[in-house]
Amino acid sequence: MPRIAKDPQERRNEILDAAMELFNTKGYANTAVSDIVKKVGVAQGTFYYYFKSKEEIAAAHDRSLASRLAFVKAVSEDQALNAVDKLRKVLLEGFPAPQKDHVILEYLHDESNSILHQKYLVAKIAAFHPFLTDIVQQGISEGVFQVDHPDEVTEFLLVGISFLFDRGIFGWSEEELTKKYRALETIVDRLLGGTSIISAGVLLEMNRQG
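Residues numbered from 1 in each chain as written. Predicted model: local features only at pLDDT ≥ 70, side-chain atom pairs only at ≥ 80, totals over all residues. Heavy atoms only, no water.

Draft legend 1. Broad picture of the overall build of the protein chain. The number of helices and strands found in the protein chain is 11 helices and 0 strands. Reading the protein chain from its N end, one meets helices and strands in the order α-α-α-α-α-α-α-α-α-α-α. Burial analysis of the protein chain (210 residues in total) assigns 43% to the buried set. A separation of at least 24 residues holds for 64% of the contacts in the protein chain among residues at least 6 apart in sequence. Here the protein chain has roughly 11,500 Å² of accessible surface; of this, 53% comes from carbon and sulfur atoms. (Helix = DSSP H or I, 4+ residues; strand = E, 2+ residues; numbered from the N terminus. Buried < 20%, exposed > 50% of the residue type's maximum accessible area, 1.4 Å probe, protein only. Contact = heavy atoms within 4.5 Å. Areas by Shrake-Rupley, 256 points an atom, 1.4 Å probe, with all protein chains shown as cover.)

Rendered as structure tokens:
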């Protein structure tokens, strides 16, 4: 029977899925390229056609980010939601990494991967920025946000949340995190010129999810 050639993107995703599953079950350090290709059922050369190394797979956060951005885009375009509900939904459900990607985040949090980690955070901020700006502009139109520079304010909010509360950068205790999130609740209100826009409870839940 002739071998069926798969679409390159489909094959690449198969390798990614297998790698992520093995990283979660065996651990990143204990997973070899040979384990990945064995699970997919392809030759080792096929792996290296798509990826230069196992480390490149660990850096392949773009697929996860694309999935989250699709959700955020849908929320931002949902005409049934007001701006405050959209902002809460995006920060609670779209911004945190899904559970299946936590092993990759742990890899990025290693000190030896600090440059890669920084690039990941910058890419996430840049990707989310236009959608959150649209939501803030909607809030201005609705009269719930009082903002003179929505683009810059949204950028400042994303950078603050992404870096200050990143577990791989600061080793805050739970008590310290709770205190900072309660302060952030007031900061967000002042940044956007509203009242009780994002509660500390929502922010804490966002942190627990990653």
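Still more ground to cover, so stick around.
Draft legend 2. Highlighting the packing of aromatic side chains. One pass over the structure, following the stated rule, counts 4 aromatic pairs. Here the aromatic rings of Phe47 and Tyr48 are separated by 5.1 Å at their centres, their planes lie at 85°, and the arrangement is edge-to-face. By relative accessible area, Phe47 is classed as buried at 0%. Arranged with centres 5.0 Å apart and planes meeting at 15°, the rings of Phe170 and Trp172 form a pair that is stacked. Its relative accessible area of 33% is what places Phe170 among the partly exposed residues. Grouped by ring-pair contacts, the aromatic residues Phe47, Tyr48 and Phe51 constitute a single cluster. (Phe/Tyr/Trp six-rings, centres within 6.5 Å; stacked < 30°, edge-to-face > 60°.)

Draft legend 3. Just the pattern of salt bridges, in detail. This model, assessed by the stated rule, comprises 5 salt bridges. As a salt-bridge pair, Lys39 and Glu21 come within 3.3 Å of each other at their nearest N and O atoms. Linking Lys39 in helix H2 (residues 33-40) with Glu21 in helix H1 (residues 8-26), this pair joins segments that are 18 residues apart in sequence. Take Lys39: its relative accessible area is 41%, and that puts it in the partly exposed class. (Salt bridge = Lys/Arg side-chain N within 4 Å of Asp/Glu carboxyl O.)

Draft legend 4. Highlighting the packing of helix H9 (residues 150-164) against helix H10 (residues 174-192). Across the interface, H9 lies against H10 with an axial gap of 10 Å and an inter-helix angle of 165°. Here H9 lies roughly antiparallel to H10, going by the angle between them. When the axes of H9 and H10 are compared, the crossing they make is right-handed. For the pair formed by H9 and H10, the contact residues are Val153, Phe156, Leu157 and Ile161 on the first element and Leu184, Val188, Leu191 and Leu192 on the second. (Axes fitted to C-alpha atoms, helices over the stretch in contact; angles between N-to-C directions. Parallel < 35°, antiparallel > 145°, perpendicular 65-115°, else oblique. Left-handed = near helix turned anticlockwise from the far one by under 90°.)

Draft legend 5. Seen up close, the side chain of Arg11. Along the chain, Arg11 turns up in helix H1. Arg11 gets classed as buried once you look at its relative accessible area, which sits at 12%. Side-chain polar atoms of Arg11 contact the side chain of Glu14, separated by 2.7 Å. (Polar contact = N/O pair within 3.5 Å; in protein donor to acceptor, adjacent residues only side chain to side chain.)

Draft legend 6. Structural detail: the side chain of Thr154. When you line up the elements, Thr154 lands in helix H9. Beyond its immediate sequence surroundings of up to four residues, Thr154 is in contact with His129, Leu132, Thr133 and Val136.

Draft legend 7. Geometry of the environment of Asp148. Tracing the backbone shows Asp148 in the loop between helix H8 (114-142) and H9. Look at Asp148 and you get exposed, because its relative accessible area is 73%. Taking the C-alpha atoms as reference, Asp148 lies 10.0 Å from Leu191; in sequence the two are 43 residues apart.

Draft legend 8. Looking closely at H1. When the terminal C-alpha atoms of H1 are compared, their 27 Å separation across 19 residues agrees well with the 27 Å that a helix rising 1.5 Å per residue should span. The N-cap of H1, judged by a side-chain oxygen 3.0 Å from the amide nitrogen of Gln9 a few residues on, is Asp7. Count one or two residues on from H1 and you reach Gly27, which has phi positive near 95°. (Expected span 1.5 Å × (residues − 1).)

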